[in-house]
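# Descriptive structure summary
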Amino acid sequence: MAITDEKTDLRIYLQDARDVLLWKLEGLSEYDLRRPLSPTGTNLLGLVKHVTGAEVLYFADTFERPFAEPAPVWFTGEVEPNADLWARADESTEEIVGRYRRVWAHSDAVIEELPLDAVGRLPFEGRPEQTLHRVLVHMIAETHRHAGHADLVRELVDGTVGQRPDGINTAPGDADWWRAHHARVESAAREAGGLGPA
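What you see is a predicted model; the values in this text were computed from it and never measured.

The next thing to look at is the overall build of the chain. Per the secondary structure count, the chain includes 7 helices and 2 strands. In terms of its C-alpha atoms, the chain occupies a principal-axis envelope of roughly 60 × 45 × 35 Å. Within the chain, the fraction of its 198 residues that count as buried is 39%. Within the chain, contacts between residues at least 6 apart in sequence are counted, and of these 73% link residues at least 24 apart. With the model as given, the accessible surface of the chain reaches about 11500 Å², and the carbon-plus-sulfur share is 57%.

Have a look at this one:
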């Protein structure tokens, strides 16, 4: 692997998280993209909406480089809480994913234009200062966190696992192997919890 500079390293890790998040959407029905699979309603398209808004806030707004499109109402706070974490029936997948791709292109332009020590002001009360370096680290953590949520949601939808389509980062095994593995994990949990065999 070639030696790269710090900004390039940070951009690679951010893009990796973006790509994973969108890969988790591939091949699913509109219902499965939107269905809530946790008690708090976690769903795949909602995760994409959320990180879209986060990139606008942390790159465009913080560094006073406005995103060219009007902010969607779910991002401006003009609608219910958590509006950025689920997709209404009238919001198309193409609209949500397209906006995310346009926002990340805008973010990439901001990253390219500014040095890592450039200082911006977060659009929160008090307008705390942040360097581009810190904002990049934050967005890498934020996007990877939500890519992890997407991993679990996608597994619940159809059993698809892994960080990449080639599956090289998951244990090899067919459905029977995974059922046996699940049984081993359950057995260990029951034993540790003093519950006895299932």
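Following the structure, the description resumes.
Turning next to the packing of aromatic side chains. The description of an aromatic ring pair uses the distance of the two centres, along with the angle that the planes make with each other. Tallying each qualifying case throughout the model produces 2 aromatic pairs. Considering the side-chain rings of Y58 and F124, the 6.3 Å spacing of their centres and the 75° angle between planes classify their relative orientation as edge-to-face. Of the two residues, Y58 is situated in helix α3 (residues 44–61) and F124 in the loop between β1 (119–121) and β2 (129–131); the sequence distance between them amounts to 66 residues. For Y58, a relative accessible area of 15% gives the class buried. Under the relative-accessibility criterion, F124 is labelled partly exposed at 35%. Ring geometry for Y100 against W104: centres 5.0 Å apart, planes inclined by 85°, an arrangement best described as edge-to-face. Placement of both Y100 and W104 in helix α5 (residues 93–113) is noted, with a separation of 4 residues, approximately one turn of the helix. Assigned by exposure class, Y100 and W104 land together as buried.

This brings us to the side chain of H146. Within the secondary structure, H146 sits in helix α6 (residues 132–158). One polar contact links H146 to H149, side chain to side chain, over a distance of 3.0 Å. Setting aside its immediate chain neighbours within four residues, H146 contacts L21, L47, H50 and V51.

What follows deals with the pattern of salt bridges. In the structure shown here, the tally under the stated rule is 16 salt bridges. The salt bridge partner of K24 is D151, with a shortest N-O separation of 3.0 Å. Within this pair, whereas K24 is found in the loop between α1 (6–23) and α2 (30–34), its partner D151 is found in helix α6, the two being separated by 127 residues in sequence. The exposure class of D151 is partly exposed, given its relative accessible area of 26%. For R121, the salt bridge identified is with E129, shortest N-O distance 2.9 Å. For R121, a relative accessible area of 38% gives the class partly exposed.

About the criteria used
Residues numbered from 1 in each chain as written. Predicted model: local features only at pLDDT ≥ 70, side-chain atom pairs only at ≥ 80, totals over all residues. Heavy atoms only, no water. Helix = DSSP H or I, 4+ residues; strand = E, 2+ residues; numbered from the N terminus. Buried < 20%, exposed > 50% of the residue type's maximum accessible area, 1.4 Å probe, protein only. Contact = heavy atoms within 4.5 Å. Areas by Shrake-Rupley, 256 points an atom, 1.4 Å probe, with all protein chains shown as cover. Phe/Tyr/Trp six-rings, centres within 6.5 Å; stacked < 30°, edge-to-face > 60°. Polar contact = N/O pair within 3.5 Å; in protein donor to acceptor, adjacent residues only side chain to side chain. Salt bridge = Lys/Arg side-chain N within 4 Å of Asp/Glu carboxyl O.

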